[in-house]
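Architecture at a glance
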Amino acid sequence: MISALLLSPSLGAAPNPRAAEALARSLGSLVRATMEGVVRDAALIGRAEDDLAGVADYAGCAYVEAATLAEGFARALSETRGEIVFVLEGGYATPTGFIEEASDLLLEGATFSGALLRRAPYNLATRFAPSLAQPVGLLAQRAALRGAQPSDLAALIRATKPSRTLNSMAIRTV
């Protein structure tokens, strides 16, 4: 089963007044995956100013308060239990096809080497070359993520070096 870590949009920039809404929408996109037994548990990582404790409590997931991703990542990773971890930027929703792809990846077990989730095409360049779309999610083995001190999702992707990109693409919600 997969554990989800959702990153507040405020972690890499200035405080975002819509961070709670962004994370709530991202969590909402994972409900079906949870009901189908693909996603086991979740943790939110955010700043104190984001006021995410209520969202986490309502969703029944862990909450790690941190000023930066590097500060909260190891704590959030320890709050979850799955051997495969899905890291998703808040404000993006997983499409329906994500559940099927993630389920297939679970069958690979220890041979799974990581996968990127990219943002759905949002301009002319990404429509013609979807590989140029910004990565907004990462599926990786827990062992590959241990000890990581990422400053943002891009740094985490560089550290884990995923071997593939998912066919499904995330949709921006906020």
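Owing to the predicted nature of the structure, the values given are computational and were not obtained by experimental measurement.

**Topic: unusual backbone geometry**
Unusually for a residue other than glycine, D51 sits at a positive phi of about 55°. Following the sequence through the fold, D51 ends up in the loop between β2 (39-46) and α3 (53-59). Phi at K161 is positive, roughly 50°, even though this residue is not glycine. The topology assignment puts K161 in the loop between α8 (153-160) and β8 (164-172).

**So, the pairing of β2**
Most of β2 sits inside the fold, with seven of its eight residues counted as buried. Handedness of the β2-α3-strand β3 (residues 62-65) crossover: right-handed.

**What about the pattern of salt bridges?**
Counted by the stated rule, this structure contains five salt bridges. R32 is the partner of E100 in a salt bridge, and the nearest nitrogen-oxygen pair spans 3.3 Å. A residue pair is termed long-range when its members are at least 10 positions apart, and E100 in helix α5 (residues 97-108) and R32 in helix α2 (residues 31-35) qualify at 68 residues. Across the pair R81 and D41 runs a salt bridge whose closest N-O atoms are separated by 3.9 Å. Here R81, found in the loop between α4 (69-79) and β4 (84-89), pairs with D41, found in strand β2; they are 40 residues apart in sequence, far enough to count as distant. Classification of R81 by relative accessible area gives exposed; the value is 52%. Judged by relative accessible area, which is 13%, D41 ranks as buried.

What counts as what
Residues numbered from 1 in each chain as written. Predicted model: local features only at pLDDT ≥ 70, side-chain atom pairs only at ≥ 80, totals over all residues. Heavy atoms only, no water. Helix = DSSP H or I, 4+ residues; strand = E, 2+ residues; numbered from the N terminus. Buried < 20%, exposed > 50% of the residue type's maximum accessible area, 1.4 Å probe, protein only. Right-handed = clockwise from strand over helix to strand, strands pointing away. Salt bridge = Lys/Arg side-chain N within 4 Å of Asp/Glu carboxyl O.

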